[in-house]
Amino acid sequence: MESEKIIELKNLKKQYGDNIVLKNINLHVDRGEVVSIIGPSGSGKSTILRCIVDLESITSGEVLIEGNNLTDKNVDKKIKKEMLLKTGMVFQTFNLFPHMSVRNNIVRTLKLVKKMATTEAENTAKKMLDLVGLSDKINSFPNELSGGQKQRVAIARALALQPDIMLFDEPTSALDPELVKEVLDIIRKLKKQKITMLIVSHEMNFVREISDRIVVMEKGEILEIGTSQQIFENPFSERVREFLNTTN
């Protein structure tokens, strides 16, 4: 059976003035696949994620989710909204509402985005907090949580919307080393549930372990795409080899 491409980027280009941030990006992610994007700082990794969820407008090219071209000017607005709702994103800075409890961070989002009734939203919030191991923090406020706990709440909030795709933008970069594992463990759990994930990360051991395929970028271009084993053990490009040597 042929695998289903859930995300496709075709000739994606993004530039600010003369600064080309992404150059001719061609990439797909299959349903249930975990793909990680690695590369030096400033190579355009996070910009790719932001283009997928329409937080950045693209200069040219196409972004398709489940075969729907979201960059087509004539795309049905309802379909575009539906596709973007299928895509959950977790940022490095948590983006929680500081004046709301953990419960309300999730409930309010469900009511706003999914127009969910309060009782159903409450039940979903409890279920998701249970999944990320934070049921006991349901009435806490963000300032009472550690960085790792905040990130797990952010993941629970994204998962509450029942996305088909999860995008992670450096989910552990703002965390102390001892808190990194708890966030990575949640991502491992999601992989077991066959959730499609696109992950930007500098945690090389984790990337190696979790990824079905790895994309290596530099200066807005894709240098190489391959399986975890191939990229880490036998990269085609000398530049990729150099980059991996500097990160170990």
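Quick summary incoming for the structure in this document. (Residues numbered from 1 in each chain as written. Predicted model: local features only at pLDDT ≥ 70, side-chain atom pairs only at ≥ 80, totals over all residues. Heavy atoms only, no water.)

### Quick word on the pattern of salt bridges
Using the following cut-off: Every case where a carboxyl oxygen of Asp or Glu lies within 4 Å of a side-chain nitrogen of Lys or Arg is listed as a salt bridge. Numbering of helices and strands runs from the N terminus, with a helix taken as a DSSP run of H or I at least four residues long and a strand as a DSSP run of E at least two residues long. Burial status follows relative accessibility: with a 1.4 Å probe on protein chains alone, a residue under 20% of its type maximum counts as buried, one over 50% as exposed, and anything between as partly exposed.
By the definition in use, this model includes 19 salt bridges. For Glu66, the salt bridge is made with Arg31, and the minimal N-O distance between the two is 3.0 Å. Here Glu66, found in the loop between strand 4 (60-65) and strand 5 (68-69), pairs with Arg31, found in the loop between strand 2 (19-30) and strand 3 (34-38); they are 35 residues apart in sequence, far enough to count as distant. Here Glu66 falls in the partly exposed class, since its relative accessible area comes to 23%. Among the charged side chains, a salt-bridge network with shared partners connects Glu4, Arg31, Glu66, Lys86 and Asp164.

### A closer look at the side chain of Thr109
To keep things clear, this is the line we draw: Residue contacts are counted whenever heavy atoms from the two residues lie within 4.5 Å of one another.
Along the polypeptide, Thr109 turns up in helix 3 (residues 102-114). Accessibility expressed as a relative area gives 14% for Thr109, which makes it buried. Among all residues touching Thr109, those that are not within four sequence positions of it are Phe97, Asn104, Lys114, Arg157 and Leu161.

### Observations regarding the nonpolar core
Formally: We define a nonpolar core as any set of buried Ala, Val, Leu, Ile, Met, Phe, Trp, Tyr and Cys residues linked to one another through side-chain atoms lying within 4.5 Å.
Grouped together as the largest cluster of nonpolar side chains are 40 residues, with contacts concentrated most on Leu129, Ile155, Met166, Phe168, Ile187 and Met197. Broken down by secondary-structure element, the contributors of at least two residues to this core are helix 3, helix 4 (118-131), helix 5 (147-160), strand 7 (165-169), helix 6 (177-192), strand 8 (196-200) and helix 7 (204-210). In contact with Met166, not counting residues within four places along its chain, are Gly88, Val90, Ile155, Ala158, Leu159, Ile195, Thr196, Met197 and Leu198.

### Describing the pairing of strand 10 (residues 221-227)
What counts is decided by this rule: By this definition, two strands are paired if DSSP reports at least two bridges between them.
Inspection of the sheet shows strand 9 (residues 213-218) paired to strand 10 by 6 bridges, in the antiparallel sense. Among the inter-strand pairings, Val216 is bridged to a residue of strand 10, identified as Glu224.

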